[in-house]
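Summary of the model geometry
Listed below, chain by chain, are the residues.
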Amino acid sequence: MSSPPPVELFKGTNWEECHKFVLAIRTRALWEGKQRDSAWMADFAATYFWHKALPWHSRLPEDVRQDWSKLELALFDRWSLPEDDDE
């Protein structure tokens, strides 16, 4: 069996790190066969918040912390792509 796709700790540095984190969680969930399990994805992602991102995550409402769809939107709201960056 192959190794699981890696997921790096998410420090909350910038939008690029955020996008890489979201893609890593999605990729790992697909590898685990859990891509439709929003609660599993949110719980899994929670173990990778660190530095600035950890207290941010801890302050989110419980329903956001437990639902990947809501958590992903919260991540993109907090670490949004700069308006003038269209790469």
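In this report, the structure presented in the accompanying data block is examined. (Residues numbered from 1 in each chain as written. Predicted model: local features only at pLDDT ≥ 70, side-chain atom pairs only at ≥ 80, totals over all residues. Heavy atoms only, no water.)

**Topic: the overall build of the protein**
Within the protein one finds five helices and zero strands. In the protein, the order of α-helices and β-strands from amino to carboxyl end is α-α-α-α-α. Computed over C-alpha atoms, the radius of gyration of the protein comes to 13 Å, within 12% of the 12 Å expected from 2.2 N^0.38 for 87 residues, which places it in the range of a compact globule. Each of the 87 residues in the protein was classed as buried or not, and the buried ones make up 34%. Looking at the protein alone, contacts between residues at least 24 apart form 56% of all its contacts between residues at least 6 apart. Surface exposure of the protein reaches about 5800 Å², of which carbon and sulfur atoms provide 51%. In the protein, 11 positive and 16 negative side-chain charges are present, and the distance between their average locations comes to 6 Å. (Helix = DSSP H or I, 4+ residues; strand = E, 2+ residues; numbered from the N terminus. Rg over C-alpha atoms; globule rule 2.2 N^0.38 Å. Buried < 20%, exposed > 50% of the residue type's maximum accessible area, 1.4 Å probe, protein only. Contact = heavy atoms within 4.5 Å. Areas by Shrake-Rupley, 256 points an atom, 1.4 Å probe, with all protein chains shown as cover. Lys, Arg positive; Asp, Glu negative; His and termini not counted. Charge placed at Lys NZ, Arg CZ, Asp CG, Glu CD.)

**So, the nonpolar core**
Phe-21, Phe-49, Trp-68, Leu-71 and Leu-75 are the most contacted members of the largest nonpolar core, which has 23 residues in total. Elements supplying a minimum of two residues to this core: helix 1 (15-32), helix 2 (38-46), helix 3 (53-59) and helix 5 (68-78). Among the elements that take part in this core, helix 1 stands out by supplying six residues, more than any other. Look past the residues within four positions of Phe-49 in its chain and what remains in contact with it is Phe-10, Phe-21, Leu-54, Trp-56, His-57, Leu-71 and Leu-75. (Core = buried A, V, L, I, M, F, W, Y, C linked by side-chain atoms within 4.5 Å.)

**Overview of the environment of Leu-54**
Along the polypeptide, Leu-54 turns up in helix 3. The exposure class assigned to Leu-54 is partly exposed, which follows from its relative accessible area of 37%. Distance from Leu-54 to Thr-13, taken between C-alpha atoms, is 12 Å for residues 41 residues apart in sequence.

**Examining the packing of helix 2 against helix 5**
For the pair helix 2 and helix 5, the least separation of the axes is 7 Å and the interaxial angle reads 50 degrees. Taken together, helix 2 and helix 5 sit at an angle that is classed as oblique. The segment helix 2 lies against helix 5, with Ser-38, Met-41, Ala-42 and Ala-45 engaging Trp-68, Ser-69 and Leu-71. Residues of the contact of helix 2 with helix 5, tallied by class, amount to five nonpolar, two polar and no charged. (Axes fitted to C-alpha atoms, helices over the stretch in contact; angles between N-to-C directions. Parallel < 35°, antiparallel > 145°, perpendicular 65-115°, else oblique. Nonpolar A, V, L, I, M, F, W, Y, C, P; charged D, E, K, R; others polar.)

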